[in-house]
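Observations on chain architecture
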Amino acid sequence: TINELLDKGYTEQQCLEYFINGYDVTEKKAKISLEVAKAERNILSQNKQNDISLYVGIPFCHTKCLYCSFTSYPLTQYQNKVWNYLEALQKELCFLGKYAQPFDLKTVYIGGGKPTSLTAEQMEFLLDVLSQYFDLKKDGLEFCVEAGRPDTITKEKLAVMKAYAVNRISINPQTMNQKTLDLIGRKHTVEEIKEIFYVARDLGYDTINMDLILGLPEETAQEVEHTMQEIEKLQPDNLTIHTLAVKRASRLKEKFDLYTLTKAEELEKMLSISEKYAQKMHMKPYYMYRQKNMVGNFENVGYCTFGKECIYNVQIMEEKQNVIAAGAGASTKIVYHQQNRIERVFNVKSVDDYILRIDEMIERKKKLLL
């Protein structure tokens, strides 16, 4: 990576030439990569040996989107297991809270699934549990909840989160075209996206991310232009631009032949449009990554306005900080800098297994952490 080259003493120009000549990367892509690397280095330079981050997984969703391959269970089938799951999660968080006491907690990220698939009462229970074991109101803590789909977010839930010092949320439309939302299985309207965004702003959320996916079935550059026009009106603080990845575990993969996917040339246009609007909103790229099976073999880019970077995202991508994790499918990661190695311990993905085997999950962690 460019970060590794900079660590070796390469100049910025040498980094660009290395990528352009050695990997056949376009000059434009190389410059974006360099800009991202510099932004990441600014964040990573503030890391201290005692820093730690916490991830909490809520593996439930109202419905599963066409492209989704995450650990996610529909509430239509699992509604009666949510409280049992939260009680198991409490046991794991109790252990992790005791382990983390000597460390300096820098970020907390609640992801999924969709955390806001919980009811307001369940959300309050979870946040109260967290507040018992971790200092959620410490100065400088980044506390993010992946609010996700607008049809799972309510003013009541946002107010509960605000009361527990959540200071960053993600409202993820993926597209602002109603036809596409219907096609990919999103059970909400474009207007609901706008409405809940303004509710969050009114409640005082001043760091809001929005995720978009380029290359969704049947979309062209024209639809992406419309999406970006609508996003510009909202003025979020972060914008994460994904290019569609056709994951093995997704319904899209199962029904691959039914949909017309975007060709590389069209996707390149879409990426240029998204970059143009990010610049218009005074955003700069600060993290970037690639996934397997991405349409056109492109990249995902995170943009933000000044000072609004998601620190957790950078730490996860660069793997320079310890991350303790709780919940079904969660992965705890310990970085041994001197040996240049990382040790991981994984929780089971199944909600049923997680509930039944929570003591085993805790014992797994003890072997790594203690």
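Basis of the calculations
- Residues numbered from 1 in each chain as written.
- Predicted model: local features only at pLDDT ≥ 70, side-chain atom pairs only at ≥ 80, totals over all residues.
- Heavy atoms only, no water.
- Buried < 20%, exposed > 50% of the residue type's maximum accessible area, 1.4 Å probe, protein only.
- Helix = DSSP H or I, 4+ residues; strand = E, 2+ residues; numbered from the N terminus.
- Pairing = 2+ DSSP bridges.
- Salt bridge = Lys/Arg side-chain N within 4 Å of Asp/Glu carboxyl O.
- Patch = residues over 30% accessible without salt bridge, like charges linked within 9 Å, V, L, I, M, F, W, Y side chains within 5 Å.
- Areas by Shrake-Rupley, 256 points an atom, 1.4 Å probe, with all protein chains shown as cover.
- Lys, Arg positive; Asp, Glu negative; His and termini not counted.
- Charge placed at Lys NZ, Arg CZ, Asp CG, Glu CD.
- Axes fitted to C-alpha atoms, helices over the stretch in contact; angles between N-to-C directions.
- Parallel < 35°, antiparallel > 145°, perpendicular 65-115°, else oblique.
- Left-handed = near helix turned anticlockwise from the far one by under 90°.
- Contact = heavy atoms within 4.5 Å.
- Nonpolar A, V, L, I, M, F, W, Y, C, P; charged D, E, K, R; others polar.
- Expected span 1.5 Å × (residues − 1).
- pLDDT = per-residue confidence, 0-100.
- Phe/Tyr/Trp six-rings, centres within 6.5 Å; stacked < 30°, edge-to-face > 60°.
- Lys NZ or Arg CZ within 6 Å of the ring centre and 35° of its normal.

Moving on, we get to the pairing of strand E10 (residues 300–304). When you tally the buried positions in E10, you get 5 out of 5 residues, the bulk of the element. The alternating pattern of E10 places Asn-300, Gly-302 and Cys-304 and Val-301 and Tyr-303 on opposite faces, both of which are buried. Alignment of strand E8 (residues 238–243) against E10, held across 4 bridges, turns out to be antiparallel. Note on E10: the bridge partner recorded for Thr-240 is Gly-302.

On the secondary structure map, Lys-98 appears in helix H5 (residues 82–100). Along the sequence, Lys-98 and Ala-39 sit 59 residues apart, while their C-alpha atoms lie 33 Å from each other.

Turning next to the pattern of salt bridges. Taken as a whole and judged by the stated rule, the model has 26 salt bridges. Lys-106 is the salt-bridge partner of Asp-104, the closest N and O atoms lying 3.8 Å from each other. Residue class for Asp-104 comes out partly exposed when judged on its relative accessible area of 26%. Judged by relative accessible area, which is 30%, Lys-106 ranks as partly exposed. A salt bridge links Lys-138 to Asp-104; the nearest nitrogen and oxygen atoms lie 2.9 Å apart. Of this pair, Lys-138 sits in the loop between helix H6 (120–133) and strand E5 (142–148) while Asp-104 sits in strand E4 (residues 104–112), and the two are 34 residues apart along the sequence. Overall, Lys-138 belongs to the partly exposed group, its relative accessible area being 23%. The network of salt bridges with common partners includes Glu-191, Lys-194, Glu-230 and Lys-233.

Okay, a negative patch on the surface next. Where like charges cluster on the molecular surface, the negative patch consists of Glu-121, Glu-124, Asp-128 and Glu-156. Sorting elements by how many residues they give to the negative patch places H6 first, with 3 residues. Position of Asp-128 among the secondary structure elements: in helix H6.

Following both chains from N to C, one finds helix H2 (residues 12–23) and helix H3 (residues 27–44) inclined at 135 degrees, their axes separated by 9 Å at the closest point. In terms of axis orientation, H2 runs oblique to H3. Two packed elements cross with a definite hand, and for H2 against H3 that hand is right-handed. In this structure, H2 uses Glu-12, Leu-16, Phe-19 and Ile-20 to contact H3, whose residues at the interface are Glu-27, Ala-30, Lys-31, Leu-34 and Lys-38. Across the contact of H2 with H3, the residue classes tally to 5 nonpolar, no polar and 4 charged.

All right, on to H6 then. An ideal rise of 1.5 Å per residue puts 20 Å on 14 residues; H6 measures up with 20 Å between its terminal C-alpha atoms. Those residues of H6 that sit buried are Ala-120, Gln-122, Met-123, Leu-126, Leu-127, Val-129 and Leu-130. In this fold, the buried residues of H6 make contact with strand E1 (51–58), H5, E4, E5 and helix H7 (155–163).

A word on the confidence of the model for the protein. Averaged over every residue, the pLDDT of the protein is 91; residues scoring 70 or more account for 91%. Predicted confidence for residues 247–254 stays below pLDDT 50, and this span has 23 contacts to residues more than four positions away or in other chains.

The next thing to look at is the environment of Gln-13. Structurally, the position occupied by Gln-13 is in helix H2. Using a relative accessible area of 47% as the deciding quantity, one classes Gln-13 as partly exposed. In this structure, the C-alpha to C-alpha distance between Gln-13 and Lys-31, residues 18 residues apart in sequence, is 9.6 Å.

With that settled, the discussion passes to the packing of aromatic side chains. Across all of its chains, the model carries 15 aromatic pairs by this definition. Between Tyr-85 and Tyr-354, the aromatic rings sit 5.1 Å apart at their centres with planes inclined by 40 degrees, giving tilted as the arrangement. Separated by 269 residues along the polypeptide, Tyr-85 in helix H5 and Tyr-354 in helix H14 (residues 351–356) bring together distant segments of the chain. The exposure class assigned to Tyr-85 is buried, which follows from its relative accessible area of 0%. Under the relative-accessibility criterion, Tyr-354 is labelled buried at 0%. Ring geometry for Tyr-286 versus Tyr-287: centroids 5.1 Å apart, planes at 55 degrees, classification tilted. For the pair formed by Tyr-286 and Tyr-287, the shared burial category is buried. Members of the aromatic cluster, joined through ring pairs, are Tyr-10, Tyr-18, Phe-19 and Tyr-23. If you follow Lys-162 out to its NZ or CZ, it ends over the ring of Tyr-205, 4.7 Å from the centre. A cation over an aromatic ring shows up here: Arg-341 above the ring of Tyr-336, its NZ or CZ 4.1 Å from the ring centre.

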